[in-house]
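Chain by chain, the residues:
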Protein chains: 2
Amino acid sequence: MRISQLAAATGVPVATVKYYLREGLLHEGERTAPTQALYDDSHVARLRLVRALLGAGGVSIAQARAILAAIDEPPAAIHLLATAHNAITAPLDAAADVDEVRAITSGWGWRTESCDPAVLGAVAAGLQGLRDGGFDLAPGVLDAYGRAARDIAQAEIDGIPTESAEAAVRYVVLGTVLVEPLLLALRRLAEQVVSGERFGETGPLGD
Amino acid sequence: MRISQLAAATGVPVATVKYYLREGLLHEGERTAPTQALYDDSHVARLRLVRALLGAGGVSIAQARAILAAIDEPPAAIHLLATAHNAITAPLDAAADVDEVRAITSGWGWRTESCDPAVLGAVAAGLQGLRDGGFDLAPGVLDAYGRAARDIAQAEIDGIPTESAEAAVRYVVLGTVLVEPLLLALRRLAEQVVSGERFGETGPLGD
């Protein structure tokens, strides 16, 4: 198909398609004349992924380029996740106490040897944030977080599409970025539901 | 104790204590002279809470004032949570489809009649975000999120301190704001762990 047909098929304006071509986010078509090229279904699929990444995914052009490079040379699953997570995670804080995270999670039976250090660091930063705020988790709560995170991951990994690297990466990146607000809102709602069950209208303080 | 002793006991500079008094975040002491007042343990506790809210909690002066007002006239547990959540939640989006959220969660056995509409709206916005991004959750994944959120809430509500409204609100607000980055990081780590277990080093795409 021509570039105008590619644009029509994906709803992406021609000027934007050209911009993605220049930025290396979309592979060149088959050149049929100095100013003309033909595109195929691989371009349609790639364009859809690029739009999802830059739009709802909220990643930058440079981050999208890194993710697309990972697709073109598909890494092992764990590296696919790491690449996707890396593109949307702050770089590892040197002060992050990753050893503490490894110790806690290995107590849960998690094998973290091959995990991305930046994500281990993000967990360490989360724990440090609690300490900085003078906030102690009640006994057993951290273990409950670990169990819940694993239950979530189990359901999510079961759902990873395996028909193509595009589909898998799209699922992982969007599933991380788009789902986070939903998960946090569900937690707040569940807190209100459970509090209502536990204390009724009287409140935890009796009153 | 005098204001200087209150400052020393809490590590909050005298000028800041005076600022909180002016802003109504801290109740007046017992006046012993036109320029002198005496403070007690209730001021120490309140100052610690104010610092936690404004610092790690990341709430504004106005939000802190709303939370403190809720403490001074302690509402029922569910309203305590709602007040705390409200102070840190975006206002309800009029377009949010709260009915869909009520339908889904009542399928899980959640009773949401008394829940804060803004939090129901945040869940609705989360679901809408998935649709806008063209992202479909694999079958059963949303149910897994609901189960995980409930497990988390159950452990957290068990841990709510009941000795004072200050302690309860501090726990709820800081527990919401400070714990969120930790939960999200744990989910990402769990995804990598489960992916490693499921696919090993070969990746979900075989090869």
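About the criteria used
Residues numbered from 1 in each chain as written. Chains lettered and ligands numbered in written order. Predicted model: local features only at pLDDT ≥ 70, side-chain atom pairs only at ≥ 80, totals over all residues. Heavy atoms only, no water. Helix = DSSP H or I, 4+ residues; strand = E, 2+ residues; numbered from the N terminus. Buried < 20%, exposed > 50% of the residue type's maximum accessible area, 1.4 Å probe, protein only. Contact = heavy atoms within 4.5 Å. Areas by Shrake-Rupley, 256 points an atom, 1.4 Å probe, with all protein chains shown as cover. Least-squares fit on C-alpha atoms with pLDDT ≥ 70 in both. Expected span 1.5 Å × (residues − 1). Arc of directions from axis to C-beta. Buried area = accessible area lost by both parts, 1.4 Å probe. Salt bridge = Lys/Arg side-chain N within 4 Å of Asp/Glu carboxyl O. Polar contact = N/O pair within 3.5 Å; in protein donor to acceptor, adjacent residues only side chain to side chain. Core = buried A, V, L, I, M, F, W, Y, C linked by side-chain atoms within 4.5 Å. Domains from an automatic or database assignment. Pairing = 2+ DSSP bridges.

- Per an unreviewed UniProt entry, chain A carries the name MerR family transcriptional regulator and comes from Schumannella soli.

A look at the overall build of chain A
Next, step 1: For chain A, the count of helices and strands is 10 helices and 2 strands.
Next, step 2: Ordering the α and β elements of chain A from the N terminus gives α-α-β-β-α-α-α-α-α-α-α-α.
Next, step 3: The buried share of chain A, taken over its 207 residues, is 51%.
Next, step 4: Long-range contacts, defined as pairs at least 24 residues apart, comprise 56% of the intrachain contacts of chain A with a sequence gap of at least 6.
Next, step 5: Carbon and sulfur atoms make up 53% of the accessible area of chain A, which totals about 9,100 Å².

Topic: the environment of E28 of chain B
All names here are of chain B.
Next, step 1: Within the secondary structure, E28 sits in the loop between α2 (14–22) and β1 (30–33).
Next, step 2: Between the alpha carbons of E28 and L38 there is a distance of 8.9 Å; along the sequence they are 10 residues apart.
Next, step 3: Contact partners of E28, with chain neighbours within four places excluded, come to L21, Y39 and H43.

Focus: the relation of the copies chain B and chain A
Next, step 1: The transformation that overlays chain B on chain A combines an axial shift of 0.0 Å with a rotation of 180°, and the residual RMSD is 0.1 Å. Overall, the copies show the geometry of a two-fold rotation axis. Measuring from the rotation axis to each C-alpha of chain B, the shortest distance belongs to A148 of chain B, at 2.4 Å.
Next, step 2: The fraction of interface residues of chain B whose copies in chain A are also interface residues reaches 99%, indicating that both copies meet through the same surface.

Observations regarding helix α4 (residues 61–72) of chain A
Residues and elements named next belong to chain A.
Next, step 1: For α4, which comprises 12 residues, the first-to-last C-alpha distance of 16 Å matches the rise-based estimate of 16 Å (1.5 Å per residue) to within 8%.
Next, step 2: For α4, every residue scored as buried is listed here: A64, I67, L68, A70 and I71. For α4, the buried positions fall inside an angular range of 155° around the axis, keeping them on one side.

Section: the interface of chain B and chain A
Next, step 1: Facing the 88 residues of chain B at the interface are 87 residues of chain A.
Next, step 2: Taken together, the two surfaces of chain B and chain A that pack against each other cover about 7,800 Å², and 70% of this comes from carbon and sulfur.
Next, step 3: Interface area lost by chain B to chain A is led by R187, R188 and Q192 of chain B, which between them contribute 10%.
Next, step 4: On inspection of chain B and its partner chain A, the count reaches 6 salt bridges.
Next, step 5: Residue E180 of chain A pairs with R188 of chain B through a salt bridge whose shortest N-O separation is 3.0 Å.
Next, step 6: Inspection of the region where chain B meets chain A yields 12 residue pairs in polar contact (both at pLDDT 80 or more).
Next, step 7: The set of elements that each furnish at least two residues to the side of chain B that touches chain A consists of α5 (77–88), α6 (98–107), α7 (117–132), α8 (141–158), α9 (165–177) and α10 (179–199) of chain B.
Next, step 8: Of all the elements, α10 of chain B adds the most residues to the side of chain B that touches chain A, at 20 residues.

Here we look at the nonpolar core
Next, step 1: Of all hydrophobic cores here, the largest spans 128 residues; its most connected members are Y145 of chain A together with Y145 of chain B.
Next, step 2: When residues are assigned to domains, this core turns out to be shared by domain 1 (1–54) and domain 2 (89–158) of chain B, each giving three or more.
Next, step 3: Not counting residues within four places of it along the chain, the set of residues in contact with Y145 of chain A comprises L137 and R187 of chain A together with I152, E156, V179, L182, L183 and L186 of chain B.

Considerations on the pairing of β1 of chain B
Residue and element names in this part refer to chain B.
Next, step 1: Bridging between β1 and strand β2 (residues 36–38) involves 3 bridges; their strand directions are antiparallel. Within the sheet, the bridge partner assigned to R31 lies in β2 and is A37.
Next, step 2: Between β1 and the antiparallel strand that follows it, β2, lie 2 residues.

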